Amino acid sequence: MNQADKITISRIVKVNHAGEYGAIRIYRAQVWVAQFLYPEIVTFLKETLEHEINHCALFRSAMPERNSRPCRIMGLWGNGGLLLGFVTSLLGRQGIWLCTAAVEKAVHHHLKDQLYFLKDKDLALYSLIQDIQQEELSHLQHAEDHITVNSPWARLLTRSITLATNAVIWLSTWGDSSKMARSLKDNSNKR
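So, here's what we can say about the structure. None of the values given here were measured: they were computed from a predicted structure.

A tally of helices and strands in the protein yields seven helices and zero strands. Mapped from its N terminus to its C terminus, the protein presents α and β elements in the order α-α-α-α-α-α-α. Taking 191 residues into account, the globule formula puts the C-alpha radius of gyration at 16 Å, and the protein, at 16 Å, falls close to it. Taking all 191 residues of the protein together, the buried fraction comes to 48%. Pairs at least 24 residues apart make up 84% of the contacts formed inside the protein by residues separated by at least 6 positions. Approximately 10,000 Å² of the protein is accessible, and the part contributed by carbon and sulfur atoms is 58%. Across the protein, the centroid of the 22 positively charged side chains sits 9 Å from that of the 18 negatively charged ones.

Below, the structure is given as structure tokens:
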């Protein structure tokens, strides 16, 4: 494996760890608000939070072998996640479902690109991401099943969350996320 691939793999682990940290903060804020306002969805939020805590620990443990370390902008991930979780939960159940769906959909696209990149380069990380992706897809499906609005505010919220998620992913990978997406698209067009 060449040095550029090693750097990209290091960045993949770093951004995934940071993303899980941000997700932990989103769900913690949502659990806090939901326990007072929407107690019927707290069980789902707590289960999802436990998944994210486990994912974060798995990516953290994958760092040393790949010469990776926590992201320099963890504060942005953490504080942004906390603010996003708090604000969306104050918008109601639909705010929570829209937030979950938007974040998980953006993450799914990045994980798909990462799996494409890793398939012949790091089988252990490939397998780890593939397992985590299944849980993330279940979060996405659950949220989408509960979305009942398609209003202008809902579309604006979804686009804003997707844009913010993609922006912090790009910042955390120094643009490698865009390169992987382009590579995947270029190879799909060649078929």
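Structure's up, so let's keep going.
Right, let's get into the packing of aromatic side chains. Following the criterion strictly, the structure yields three aromatic pairs and no others. Ring geometry for Trp32 and Phe86: centres 6.4 Å apart, planes at 40 degrees, overall tilted. Of the two residues, Trp32 is situated in helix H1 (residues 3-37) and Phe86 in helix H3 (residues 74-90); the sequence distance between them amounts to 54 residues. The exposure class assigned to Phe86 is partly exposed, which follows from its relative accessible area of 35%. Through a chain of ring-to-ring contacts, the aromatic side chains of Trp32, Phe36 and Phe86 assemble into a single cluster.

The next subject is the environment of Leu137. For Leu137, the location among the structural elements is in helix H5 (residues 123-146). Given the relative accessible area of 28%, Leu137 is considered partly exposed. In sequence terms Leu137 and Arg69 are 68 residues apart; their C-alpha atoms lie 26 Å from each other.

With 18 residues, the main nonpolar core has Tyr27, Ala34, Tyr38, Ile41, Leu45, Ile96 and Trp97 as its most contacted residues. Among the secondary structure elements, those contributing two or more residues to this core are H1, helix H2 (42-62), helix H4 (93-118) and H5. Non-local contacts of Ala34, meaning those with residues more than four positions away in its chain, are made with Pro39, Ile41, Val42 and Leu45. Counting residues in each nonpolar core, the second largest holds 14 residues, with Ile9, Leu111, Leu115 and Leu125 among its members.

With that settled, consider the side chain of Thr100. Here Thr100 lies in helix H4. Apart from the residues lying within four places of it in its own chain, the contact partners of Thr100 are Tyr27, Gln30, His139 and Ala143.

Parameters and conventions
- Residues numbered from 1 in each chain as written.
- Predicted model: local features only at pLDDT ≥ 70, side-chain atom pairs only at ≥ 80, totals over all residues.
- Heavy atoms only, no water.
- Helix = DSSP H or I, 4+ residues; strand = E, 2+ residues; numbered from the N terminus.
- Rg over C-alpha atoms; globule rule 2.2 N^0.38 Å.
- Buried < 20%, exposed > 50% of the residue type's maximum accessible area, 1.4 Å probe, protein only.
- Contact = heavy atoms within 4.5 Å.
- Areas by Shrake-Rupley, 256 points an atom, 1.4 Å probe, with all protein chains shown as cover.
- Lys, Arg positive; Asp, Glu negative; His and termini not counted.
- Charge placed at Lys NZ, Arg CZ, Asp CG, Glu CD.
- Phe/Tyr/Trp six-rings, centres within 6.5 Å; stacked < 30°, edge-to-face > 60°.
- Core = buried A, V, L, I, M, F, W, Y, C linked by side-chain atoms within 4.5 Å.

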